[in-house]
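Coordinates in review
Here is what each chain is made of, one letter per residue.
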Amino acid sequence: MGEVFDSFNAKTAVTVYPKLVPIEDIPLPSHSWLGDITVKRWIIEDPFLQSGVRDYQKGDPLNSINWKATARAQSLQINKKDYTADHYLMIYVNFDWDEDIRLPIDNPVRIEKGLSYAASLATYTLEQGIATGFGCNGYFVEPFTNTTDRMKPSIRIEPASSGQQSEYILDSIAKIKMDRSRNFRAFLQEDIDRGLTKTDIIIFSRRVTEKMEIQMARLRQLGNAVEVVLLEEDAGKVGEENVS
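Here's a quick rundown of the structure.

**Looking at unusual backbone geometry**
Glycine aside, residues mostly have negative phi, and peptide bonds are mostly found in the trans state. One non-glycine residue, Gln-74, lies in positive phi territory at about 60°. By the secondary structure assignment, Gln-74 is in the loop between helix H1 (67-73) and strand E2 (77-81). One non-glycine residue, Lys-198, lies in positive phi territory at about 50°. Mapping Lys-198 onto the fold places it in the loop between helix H4 (184-193) and strand E8 (199-205).

Spelled out as structure tokens, the structure:
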């Protein structure tokens, strides 16, 4: 008996999906995250729909107090927000640490954490039947993007609830290059220019700049709800660190 061995070159590719973490490990803003969600129940309350009032609870924002109802009840009353079935969820990851996109990303570990959170959240919400999309101001590696182009397209996967959406999002995140196609302010401007509306947006970001705040305010004016989850040590304290 004998054995014959031969070797030959073969091109192949390995797709490494982002690490998924339990939903409880994602530092989502407590005033928006309402526990276990079901089909057609959204992470972020619709700011334009109200379904009555309820008693004030610790952590409720003061701008939600209904003063007329408070006077009648002689106790603090909060406007209850309703949920709409025609809203969509977009999960964004901000690659910026500086608006100059010529500078390399200085802490890719935090960006990887944001991508892991985004993938985990998308997987969870899609399991609940919520139309979910993903976006970031990075771009795909070759050959999925021509890296010689001066302006590379940013990544934006439109919300869907099909059975293939979760795999599509995970596969897309696996192909992202740790670099930026544009700063995040310009990324949000793309949504403003196309008149994005009726969308709940959660942004995983290392910081919130004044320019980002302006863009997020404009998105809210268009009828969207926007929340930021900071990827710093105090992650989950939404919007408390504003840097110009």
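Let's pick the thread back up.
**Thoughts on the pattern of salt bridges**
Counted by the stated rule, this structure contains 7 salt bridges. For Glu-190, the salt bridge is made with Arg-156, and the minimal N-O distance between the two is 2.9 Å. Of this pair, Glu-190 sits in helix H4 while Arg-156 sits in strand E6 (residues 155-160); the two residues are 34 residues apart in sequence, bridging distant segments of the chain. For Glu-190, a relative accessible area of 23% corresponds to the partly exposed category. For Arg-194, the salt bridge goes to Asp-191, with nearest N and O atoms at 3.0 Å. Taking the relative accessible area as the measure of exposure, Asp-191 reaches 0% and is therefore buried.

**Re the pairing of strand E10 (residues 225-230)**
Counting buried positions over the 6 residues of E10 gives 6, a clear majority of the element. Taking every second residue as pointing to the same face, both faces of E10 are buried, with Ala-225, Glu-227 and Val-229 on one and Val-226, Val-228 and Leu-230 on the other. By the bridge criterion, 6 bridges tie E8 to E10 in an arrangement that is parallel. Within E10, the position partnered with Asp-200 by the bridge is Ala-225.

**Side note on the nonpolar core**
Most often, soluble globular proteins keep nonpolar side chains buried together rather than apart. Membership of the largest hydrophobic core comes to 30 residues, with the highest contact counts inside it found for Val-93, Phe-95, Leu-115, Leu-121, Phe-134, Ile-176 and Phe-204. For this core, the leading source of residues is helix H2 (residues 108-127), giving 9 residues. Each residue touching Phe-134, except ones within four places of it in the same chain, is listed here: Met-90, Ile-91, Val-93, Leu-115, Ala-118, Ile-155, Arg-156, Ile-157, Ile-169, Ile-173 and Ile-176.

**With respect to the packing of H2 against helix H3 (residues 165-174)**
Contact geometry for H2 and H3: axes closest at 9 Å, N-to-C directions at 175°. The angle between the axes of H2 and H3 places the two elements in the roughly antiparallel class. Here H2 contributes Leu-115, Ala-119, Ala-122, Thr-123 and Leu-126 to the contact with H3, which in turn contributes Gln-165, Ser-166, Ile-169, Leu-170 and Ile-173. Among the residues making up the contact of H2 with H3, the classes are represented as 7 nonpolar, 3 polar and no charged.

What counts as what
- Residues numbered from 1 in each chain as written.
- Predicted model: local features only at pLDDT ≥ 70, side-chain atom pairs only at ≥ 80, totals over all residues.
- Heavy atoms only, no water.
- Helix = DSSP H or I, 4+ residues; strand = E, 2+ residues; numbered from the N terminus.
- Salt bridge = Lys/Arg side-chain N within 4 Å of Asp/Glu carboxyl O.
- Buried < 20%, exposed > 50% of the residue type's maximum accessible area, 1.4 Å probe, protein only.
- Pairing = 2+ DSSP bridges.
- Core = buried A, V, L, I, M, F, W, Y, C linked by side-chain atoms within 4.5 Å.
- Contact = heavy atoms within 4.5 Å.
- Axes fitted to C-alpha atoms, helices over the stretch in contact; angles between N-to-C directions.
- Parallel < 35°, antiparallel > 145°, perpendicular 65-115°, else oblique.
- Nonpolar A, V, L, I, M, F, W, Y, C, P; charged D, E, K, R; others polar.

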